[in-house]
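Per-entry structural report
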Amino acid sequence: MLRTQTSLNTWSQERNMKWLVLLALVAFSECIVKIPLRRVKTMSNTASGKNMLNNFLKEHPYRLSQISFRGSNLTTHPLRNIWDLVYLGNITIGTPPQEFQVLFDTGSSDLWVPSLLCNSSTCSKHIMFRHRLSSTYRLTNETFTIFYGVGIVEGFVVHDTVRIGDLVSTDQTFGLSIAESGFENVTFDGILGLSYPNSSFFGAIPIFDKLKNQGAISEPVFAFYLSKDKQEGSVVMFGGVDHRYYKGKLNWVPVIQAGDWSVHMNRISMKRYVIACSLGCDAFVDTGTSHIIGPRRQVNKIQKLIGATHWLSKHYVSCSVVNTLPSIIFTINGIDYPVPAQAYILKDSKGYCYAGFDEHDFSSSRETWFLGDVFLRVYFSVFDRGNDRIGLARAV
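Overview of the structure. In this text the structure is predicted, and so the values were computed from the model without any measurement. (Residues numbered from 1 in each chain as written. Predicted model: local features only at pLDDT ≥ 70, side-chain atom pairs only at ≥ 80, totals over all residues. Heavy atoms only, no water.)

Overview of empty space enclosed by the protein
Under the convention used in this document: Buried and open spaces are told apart on a 1 Å grid over the protein atoms alone, a cavity being a set of points where a 1.4 Å probe fits but cannot get out and a pocket being an open set with protein on both sides within 12 Å along at least five of seven lines. Residues with an atom within 4 Å of a point are the lining residues. Grid points are joined across faces, edges and corners, and a volume is the space filled by probe spheres set on the points. The secondary structure listing takes helices from DSSP runs of H or I that are at least 4 residues long and strands from runs of E that are at least 2 residues long, numbered from the N terminus. Residues are grouped as follows: Ala, Val, Leu, Ile, Met, Phe, Trp, Tyr, Cys and Pro are nonpolar; Asp, Glu, Lys and Arg are charged; every other residue, Gly included, is polar.
Under the criterion given, the structure shown has two cavities of 30 Å³ or more. Within this model, the largest cavity holds a volume of roughly 60 Å³. Together, Ser109, Asp110, Leu111, Gln172, Thr173, Leu192, Gly193, Phe202, Ala204, Ile205, Pro206 and Ile207 line the largest cavity. Elements that contribute at least two residues to the lining of the largest cavity include exactly β9 (167-181) and β10 (190-193). Taken as a whole, the second largest cavity holds about 40 Å³ of empty space. Tallied by class, the residues present in the lining of the second largest cavity amount to six nonpolar, one polar and one charged.

Now the structure itself:
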């Protein structure tokens with residue numbers, strides 16, 4: 001059938017519009033810097049690692065409270081479960097660049113890697129920064145000690161050029177560790193914090209803020225896509241959002257305060273019954289945490305409801321019942337975010353199934369949860385510093 005002139009004009013306009021949309025998407029995607037993340041199992045998934053981790057946690061009991069007294073050179077970050085299943089990406093430091101594998105962590109603000117001067121056996125198993133080989137390295141007279149839930153890092157504060165993909169931060173403040181305890185069997189070299197500047201122990205501008213202030217990124221946002229099963233495929237993106245990594249729309253949630261990535265959670269439910277967070281609670285969206293962490297009493301209740309049995313440092317279930325277990329629903333800002341059993345039940349190195357929940361034992365006037373990778377594998381997450389909000393959508 002022949003087209004009329006009107007229909008030809010309409011068709012031409014639609015075609016031109018499609019090209020404009022396509023070009024806009026291409027231009028937008030070019031503004032986004034994507035860093036591939038590699039999914040890595042760590043020591044707590046090995047038989048010997050279970051005993052080592054269990055013993056270490058007994059000797060160093062976990063506490064939530066984050067202390068940041070710059071005068072005392074002491075800070076504590078709640079990162080107990082970074083050693084289970086982590087997502088690591090590469091950065092470079094120095095001139096010429098030296099490459100490091102780091103954990104991108106929304107639960108802390110500072111960057112550190114091992115120094116060549118580190119005298120711990122831990123450091124020898126990781127890439128160490130050779131400061132004498134960098135022409136842009138600058139030393140300060142500041143030292144630091146950071147107590148993580150899983151270990152201790154001590155060192156000194158320095159400056160140098162740091163690159164995240166095509167993003168370059170010159171004279172960036174970061175830490176070089178000279179002593180590490182508790183990091184012997186992890187696969188990453190250091191941690192790159194992506195939280196707010198006020199939680200920086202170094203009292204310096206964190207790398208994301210520096211890039212933002214310099215106009216190096218088109219939008220003051222970063223986002224995470226964590227692959228469910230594959231070792232490859234995960235990414236952290238800076239400067240924008242690639243919509244191909246999620247389906248539906250992004251639901252925006254304001255942070256409780258412009259200082260950390262915590263939001264208000266309405267409740268946690270299962271089979272229409274509220275099982276935790278009954279009066280509302282705080283939830284940290286934390287890429288530096290492998291599991292979902294909550295208060296001991298509420299987590300124990302969830303373990304009982306799904307029939308999990310405690311052994312060593314984990315709660316195990318029969319793999320044959322995973323498909324029959326109900327979803328656990330996290331309601332945030334009035335929107336339900338179901339996490340199916342196939343997501344919250346994990347497998348250890350021997351193929352046994354265990355629950356991806358863990359407990360903290362601090363006392364607080366507010367019930368507090370940490371939504372780690374178990375939650376973030378199900379939901380694509382966007383961290384918007386420009387508007388102090390977090391976007392969540394179902395990951396593809």
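That shown, we press on.
Digging into the packing of aromatic side chains
Our working rule: Any two rings among Phe, Tyr and Trp, with Trp reduced to its six-membered ring, count as a pair given centres within 6.5 Å; such a pair is stacked if its planes are under 30 degrees apart, edge-to-face if over 60, and tilted if neither. Partly exposed residues are those whose accessible area sits between 20% and 50% of the maximum for their type, while under 20% is buried and over 50% is exposed, using a 1.4 Å probe and protein chains only. Consider the ring centre and the ring normal. A charge sits over the ring if Lys NZ or Arg CZ is within 6 Å of that centre and within 35 degrees of that normal.
Enumeration according to the criterion identifies 28 aromatic pairs in this entry. With 6.1 Å between their ring centres and 85 degrees between their planes, Phe129 and Phe174 make a pair best called edge-to-face. Placement of the pair is Phe129 in the loop between α3 (121-124) and β7 (138-148) and Phe174 in strand β9, with a sequence separation of 45 residues. Here Phe129 falls in the buried class, since its relative accessible area comes to 0%. Taking the relative accessible area as the measure of exposure, Phe174 reaches 0% and is therefore buried. Relative to Phe380, the ring of Tyr246 has its centre 5.2 Å away and its plane inclined at 25 degrees; by these criteria the two rings are stacked. Taken together, the residues Tyr246 in strand β13 (residues 246-254) and Phe380 in strand β26 (residues 379-384) connect sequence positions 134 residues apart. One aromatic cluster in this structure is built from Phe104, Tyr196, Phe208, Phe222, Phe224, Phe238, Trp261 and Phe383. Of note, Lys314 hangs over the ring of Tyr354, and the distance from its end group to the ring centre comes to 4.9 Å. Over the face of the ring belonging to Tyr196 we find Arg385, whose NZ or CZ atom lies 4.3 Å from the ring centre.

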